[in-house]
Amino acid sequence: MRLIQISILLCLLSVKSFAQTELDPKEQNHERLYQVELIVFARNESNPQENWPSDIKLIYPENLLSVKADGNSPEGFSLLPANERLLNPQAATLARSGSYTLLYHQAWRQMIYGRKANIAISGGKTFNGHQELEGSISLSVAQYLKVQTNLWLTQFAPAGTNITDTWPELPNIPNTDISEADKSQGYLIKRIVKLSEVRTMRSSEVHYIDHPLLGVIVKIIPVESQTGKTN
């Protein structure tokens, strides 16, 4: 089943960099305006009984930013409408496949600098005031672009479910509050899996970050060279 799923991904993504890319040391660095597009999806499990470590740390980084659709994004950030996303065909294929659940798909423009920009990410269904997918990504550029994932996928179960593992408390996004009504919806944490990885990449390439239960697709394009088509 896993081999079939990987084959589906390879076909739909046209991935140029499935693993760490061998980078050209002559490529120049430029802090500039980029278009960032991110897809996060969950794998529909074939082995739901697999055990995962519960002694994980969940924390949001300092100076966390949120790119919002209501026009209240931080200065220098602009969320793009759905029809301007470049990875819509890939997202549609994932959603139709039956093997994956699409949790997050957004595109935005931002300046990327040498210092990291930490961006909040969340998606999926909501339980007890928390979404299935939460966490953040960090973006920076030195000689090359760098993407760091700090994402966790939470599986919830109705209160009264027999759960043997003890999971950490889910942190709230800084400067946001969860109402008492949301907290008491009656769900327990059945499992949390975390995806923490650093990827160095060239611009304009599609990168795929793999995990047994999660997948991340990211493409970052200098705005001045954007053609409106995927490479």
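Residues numbered from 1 in each chain as written. Predicted model: local features only at pLDDT ≥ 70, side-chain atom pairs only at ≥ 80, totals over all residues. Heavy atoms only, no water.

S.K.: Help me understand the pairing of strand S4 (residues 100-112), please; the structure alone is not making it clear to me.
M.R.: Pairing between strand S1 (residues 32-43) and S4: twelve bridges, direction antiparallel. In the strand pairing of S4, isoleucine 39 is matched with histidine 105. When strand S3 (residues 78-79) meets S4, the two strands line up antiparallel, connected through two bridges. Note on S4: the bridge partner recorded for leucine 79 is tryptophan 108. (Pairing = 2+ DSSP bridges. Helix = DSSP H or I, 4+ residues; strand = E, 2+ residues; numbered from the N terminus.)

S.K.: Can you help me understand the layout of surface pockets in this one?
M.R.: Left-over empty space is what a probe sized like a water molecule reveals as it rolls over the atoms. Counted as a void, the largest pocket has a volume near 490 Å³. As for the largest pocket, its lining consists of 24 residues, of which Ser66, Ala120, Ser122, Ile173 and Thr176 are closest to the centre. Those elements that place two or more of their residues in the lining of the largest pocket are strand S2 (64-65), S4 and strand S7 (130-141). Ranked by the residues each element gives to the lining of the largest pocket, the list is headed by S7, at three residues. Partitioning the lining of the largest pocket into residue classes produces eleven nonpolar, ten polar and three charged. (1 Å grid on protein atoms, 1.4 Å probe; cavity = no way out; pocket = protein on both sides within 12 Å on 5 of 7 lines; lining within 4 Å. Points joined across faces, edges and corners; volume = space filled by probe spheres on them. Nonpolar A, V, L, I, M, F, W, Y, C, P; charged D, E, K, R; others polar.)

S.K.: How do you make sense of unusual backbone geometry when you look at a structure like this?
M.R.: For residues besides glycine, phi is generally negative; the peptide bonds are generally trans as well. Phi is positive for asparagine 128, close to 50°, though the residue is something other than glycine. Position of asparagine 128 among the secondary structure elements: in the loop between strand S6 (123-127) and S7. Among the residues examined, asparagine 128 registers a relative accessible area of 14% and is labelled buried. Phi is positive for serine 204, which is not a glycine, with a value near 70°. Among the structural elements, serine 204 can be located in the loop between strand S9 (187-201) and strand S10 (206-210). (Buried < 20%, exposed > 50% of the residue type's maximum accessible area, 1.4 Å probe, protein only.)

S.K.: What should I look at first to understand the packing of aromatic side chains in this one?
M.R.: Geometrically, a pair of aromatic rings is defined through the distance of the ring centres and the angle of the planes. Tallied over the full model, the rule gives five aromatic pairs. Aromatic side chains phenylalanine 41 and tyrosine 208 sit 6.3 Å apart centroid to centroid with 10° between the ring planes, which places their arrangement in the stacked category. Of this pair, phenylalanine 41 sits in strand S1 while tyrosine 208 sits in strand S10, and the two are 167 residues apart along the sequence. There is no split in this pair, since phenylalanine 41 and tyrosine 208 are both buried. Centre to centre, the rings of phenylalanine 127 and phenylalanine 156 are 4.9 Å apart; their planes meet at 20°, and the pair counts as stacked. Of this pair, phenylalanine 127 sits in strand S6 while phenylalanine 156 sits in strand S8 (residues 145-158), placing them 29 residues apart in sequence. (Phe/Tyr/Trp six-rings, centres within 6.5 Å; stacked < 30°, edge-to-face > 60°.)

S.K.: I'm lost on the sheet that holds S3 in this one. Help?
M.R.: Sheets are built from strands that pair by backbone hydrogen bonding, the pairs being arranged parallel or antiparallel. The strand order S3-S4-S1-S11-S10 describes an open sheet built from five strands, whose pairing is antiparallel. Edge positions in the open sheet fall to S3 and S10, since each of these has one partner strand only. Where helix H2 (residues 88-97) meets the sheet, it contacts S1, S4 and strand S11 (214-222), and its direction lies at approximately 160° from that of S4. (Contact = heavy atoms within 4.5 Å. Axes fitted to C-alpha atoms, helices over the stretch in contact; angles between N-to-C directions.)

S.K.: Would you take a moment to explain the nonpolar core for this structure?
M.R.: Note on soluble globular proteins: their nonpolar side chains tend to be buried together. Ranked by internal contacts, the top residues of the largest apolar core, which has 31 residues, are Leu38, Trp108, Leu139 and Ile220. For this core, the secondary-structure elements that each account for two or more residues are S1, S4, S7, S8, S9 and S11. No other element matches the five residues that S1 contributes to this core. In contact with leucine 139, other than residues within four places in its own chain, are Val36, Trp108, Gln110, Ile112, Arg115, Lys116, Ala117, Ile119, Lys146, Val147 and Ile220. In terms of nonpolar packing, the next biggest core, distinct from the first, is built from eleven residues, Tyr60, Trp152, Trp167 and Leu170 among them. (Core = buried A, V, L, I, M, F, W, Y, C linked by side-chain atoms within 4.5 Å.)

S.K.: Looking at this model, I keep getting lost on the environment of threonine 200. Mind explaining?
M.R.: Examined against the element boundaries, threonine 200 turns out to sit in strand S9. Between the alpha carbons of threonine 200 and serine 140 there is a distance of 9.7 Å; along the sequence they are 60 residues apart.

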